[in-house]
Amino acid sequence: MLKLLIKGGYVVDPSADLEGKYDILIEGDKVSKVAKDIFEPEAKIIDAEGYIVAPGFVDLHVHFRDPGQTYKEDIESGSRCAVAGGFTTVVCMPNTNPPVDRPQVARYILSKSDCLGICNVLPAGAITEGRKGEKLADLWALKRAGCVAFTDDGSPLMNSNLMRMALELSSQMGLPIMNHCEDDTLAKGAINEGEVSAVLGISSRPPEAEDILVARDCTLSLQTGGHLHVQHLSSPLSVDIIRFFKDRGAKVTCEVNPYHLVFTEKEVLSSGSYAKVNPPLRKEKDRKALLEALRDGTIDCVATDHAPHADFEKGLLEEAMPGMIGLQTALPLMLKLVEEEVITLKDMVCLMSTKPARILGIEAGSIKPSSTADVVIFDPKKEWTLCEETSFSKSKNTPLWNKKLKGKVVCTIRAGRVVFRDGSFQV
Ligand code: DOR
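Figured I'd write up the structure that's included with this text.

1. A short note on the packing of aromatic side chains
Here is step 1 of the chain: Using the criterion set out here, one finds eight aromatic pairs in the structure.
Here is step 2 of the chain: Look at Tyr71 and Phe312: their rings are 5.8 Å apart centre to centre, the planes differ by 25°, and that puts the pair in the stacked class. Remark: Phe312 occurs in the loop between strand S15 (301-302) and helix H11 (330-339) and Tyr71 occurs in the loop between strand S6 (57-62) and helix H1 (75-84); sequence separation between them is 241 residues.
Here is step 3 of the chain: Note on Phe312: relative accessible area 64%, which makes it exposed.
Here is step 4 of the chain: Aromatic pair Tyr259 and Phe263: ring centres 5.8 Å apart, planes at 10°, arrangement stacked.
Here is step 5 of the chain: Relative accessible area serves as the criterion here: at 2%, Tyr259 is assigned to the buried category.
Here is step 6 of the chain: One aromatic cluster is present, built from ring pairs that chain together Phe57, Phe87 and Phe378.
Here is step 7 of the chain: The cationic tip of Lys36 hangs over the ring face of Tyr22; the distance from NZ or CZ to the ring centre is 4.3 Å.
Here is step 8 of the chain: Just above the ring of Phe425 sits the side chain of Arg80; from NZ or CZ to the centre is 4.5 Å.

Structure (structure tokens):
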């Protein structure tokens, strides 16, 4: 049995309330021991001196565009971005072509990712057939095929009756319903409704489009007992609504995209359509409210919404496809918040690993003995630039393209195997 010994790293594992200098022994695909100064002559040593060691990150929201739009990304390139960013498990959205509204598509994703063996890629099934918002898909069949959540992501589910039925099913199945909460009769434009849209004369989408659907979905979650997971939160009133319903015992969780924590609508002025995302980047006061909600625990986790698009789809603001790649930039952006003392290092690992794993109810997000050995080792001080040489995505749509970042993954271990080390893949 292969033995790995991670030596001398600063270990952060919120699931065990553990933080400090420890060694970690991995035997086969499991963590077998976490202790000071482990001696194991048969183990292959990974020197983690000066680095942080944490449970592999878990991302509840990525778009790998496979099947159907593999010129933007595919399961292999997406998985490479994931492990290069420290993620060992990702949930991929069903807005593929065909969509994940039937078991065959879910099985295709799972078997392709199994064959590759890079990252754990789990499919989210569509809530409705064709993601059209008209008729429920066969959620039980999708669950049997391996779907771990349901969402029509990309398109909000506008039909309240279907949302109620989906949440009722969710409480029977024990899987979350994730909604992109933006009322699409209000959210028709390209960027946030505010100064920048006014100055540029660009169509816009107001935060109340989000608030209305968040309020509706939380109400239905409370009434049905179903687990609602609100995707990429961007509005302060939505945060207050979620806080209100959580206090009343609703089974509601939510995520935030790192980009909404560091950028504002002004980013559009310098990055153009690379800063176009749905829901849009909002105002400074909105960003501050999200940071507060991150601190007080209302926001449960961070998810990248890694949304690759080709350059020809990122032309003029009005016409450009919304979305940004984010798997390789999440760690440096979150480390920036740690450096600014908005959150602690332990909070960051909790938000990126322990909490998202708990939301899904999967065995991940922990490096306690006997857990699956999914581990990330990163250098919080390493400076690097995201560019053709360092990015593993097929797309480059992020305001951070060619920008200097701080904090880099040194090594990612998935189920006891080193899959990424010092910039190369070992699969
Ligand atoms: O900006 C976005 N891009 N938001 C979404 O909800 C969908 C995503 C995509 O699929 O490109």
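Once you've had a look at it, read on.
2. Let's talk about the nonpolar core
Here is step 1 of the chain: Counting residues in each nonpolar core, the largest one holds 101 residues, and the members touching the most others are Met334, Met348 and Phe378.
Here is step 2 of the chain: Sorting elements by how many residues they give to this core places H11 first, with seven residues.
Here is step 3 of the chain: Ignoring anything within four residues of it in the chain, the contact list for Met334 reads Pro258, Leu261, Leu294, Val302, Ile343, Met348, Leu351 and Met352.
Here is step 4 of the chain: With 18 residues, the next largest nonpolar core counts Leu4, Ile6, Ile26 and Ala48 among its residues.

3. As for the site of the ligand
Here is step 1 of the chain: Taken together, 14 residues are adjacent to the ligand, and Arg65, Asn95, His180, Asn278 and His309 come closest.
Here is step 2 of the chain: Take Asn278: an N or O atom from its main chain is 2.9 Å from an oxygen atom of the ligand.
Here is step 3 of the chain: One of the side-chain nitrogen or oxygen atoms of His309 is found 2.8 Å away from an oxygen atom of the ligand.
Here is step 4 of the chain: Relative to its free-state accessible area of 290 Å², the ligand is covered by the protein chains to the extent of 94%.
Here is step 5 of the chain: Classifying every residue of the shell around the ligand by side-chain character gives three nonpolar, eight polar and three charged.

4. A word on the state of the cysteines
Here is step 1 of the chain: For the structure shown, the criterion picks out zero disulfides.
Here is step 2 of the chain: Free cysteine Cys92: the closest other cysteine sulfur is in Cys147, separated by 8.7 Å.

5. Focus on the pairing of strand S2 (residues 18-27)
Both faces of the sheet carry side chains from a regular strand, because those side chains alternate between them.
Here is step 1 of the chain: Where strand S1 (residues 3-13) lies against S2, nine bridges are found, and the strand directions are antiparallel. Considered in S2, the bridge of Ile6 is made with Ile24.
Here is step 2 of the chain: Taking the residues that link successive antiparallel strands as the turn, the S1-S2 hairpin has four residues, and the phi of Asp17 there is positive, at about 50°.
Here is step 3 of the chain: Where S2 lies against strand S3 (residues 30-35), five bridges are found, and the strand directions are antiparallel. Within the sheet, the bridge partner assigned to Ile26 lies in S3 and is Val31.
Here is step 4 of the chain: In sequence, S2 turns back onto S3 through a hairpin of two residues, with Gly28 there showing a positive phi of about 65°.

6. Re the pattern of salt bridges
Note on pairing: side chains with opposite charge can pair once their charged atoms come close.
Here is step 1 of the chain: Under the definition given, this model contains 28 salt bridges.
Here is step 2 of the chain: Among the salt bridges present, the one from Glu339 reaches Lys406, with a minimum N-O distance of 2.9 Å. Pair noted here: Glu339 is in helix H11 and Lys406 is in strand S17 (residues 404-414), with a separation of 67 residues, a long-range link.
Here is step 3 of the chain: Judged by relative accessible area, which is 57%, Glu339 ranks as exposed.
Here is step 4 of the chain: One continuous salt-bridge network, built from bridges that share partners, spans Lys3, Glu27, Glu40 and Glu42.

7. Thoughts on the packing of helix H7 (residues 236-247) against helix H10 (residues 284-295)
The description of two packed helices rests on the angle between their axes and on the distance between the axes.
Here is step 1 of the chain: The contact between H7 and H10 brings their axes to 9 Å, and the two run at 25°. In this view, H7 runs roughly parallel relative to H10, as classed from their interaxial angle. Across the interface between the two elements, Pro236, Val239 and Arg243 of H7 pack against Asp286, Ala289, Leu290 and Ala293 of H10.
Here is step 2 of the chain: For the contact of H7 with H10, a count of residues per class yields five nonpolar, no polar and two charged.

Rules of the game
- Residues numbered from 1 in each chain as written.
- Predicted model: local features only at pLDDT ≥ 70, side-chain atom pairs only at ≥ 80, totals over all residues.
- Heavy atoms only, no water.
- Phe/Tyr/Trp six-rings, centres within 6.5 Å; stacked < 30°, edge-to-face > 60°.
- Helix = DSSP H or I, 4+ residues; strand = E, 2+ residues; numbered from the N terminus.
- Buried < 20%, exposed > 50% of the residue type's maximum accessible area, 1.4 Å probe, protein only.
- Lys NZ or Arg CZ within 6 Å of the ring centre and 35° of its normal.
- Core = buried A, V, L, I, M, F, W, Y, C linked by side-chain atoms within 4.5 Å.
- Contact = heavy atoms within 4.5 Å.
- Near = heavy atom within 4 Å.
- Polar contact = N/O pair within 3.5 Å; in protein donor to acceptor, adjacent residues only side chain to side chain.
- Areas by Shrake-Rupley, 256 points an atom, 1.4 Å probe, with all protein chains shown as cover.
- Nonpolar A, V, L, I, M, F, W, Y, C, P; charged D, E, K, R; others polar.
- Disulfide = S-S within 2.5 Å.
- Pairing = 2+ DSSP bridges.
- Salt bridge = Lys/Arg side-chain N within 4 Å of Asp/Glu carboxyl O.
- Axes fitted to C-alpha atoms, helices over the stretch in contact; angles between N-to-C directions.
- Parallel < 35°, antiparallel > 145°, perpendicular 65-115°, else oblique.

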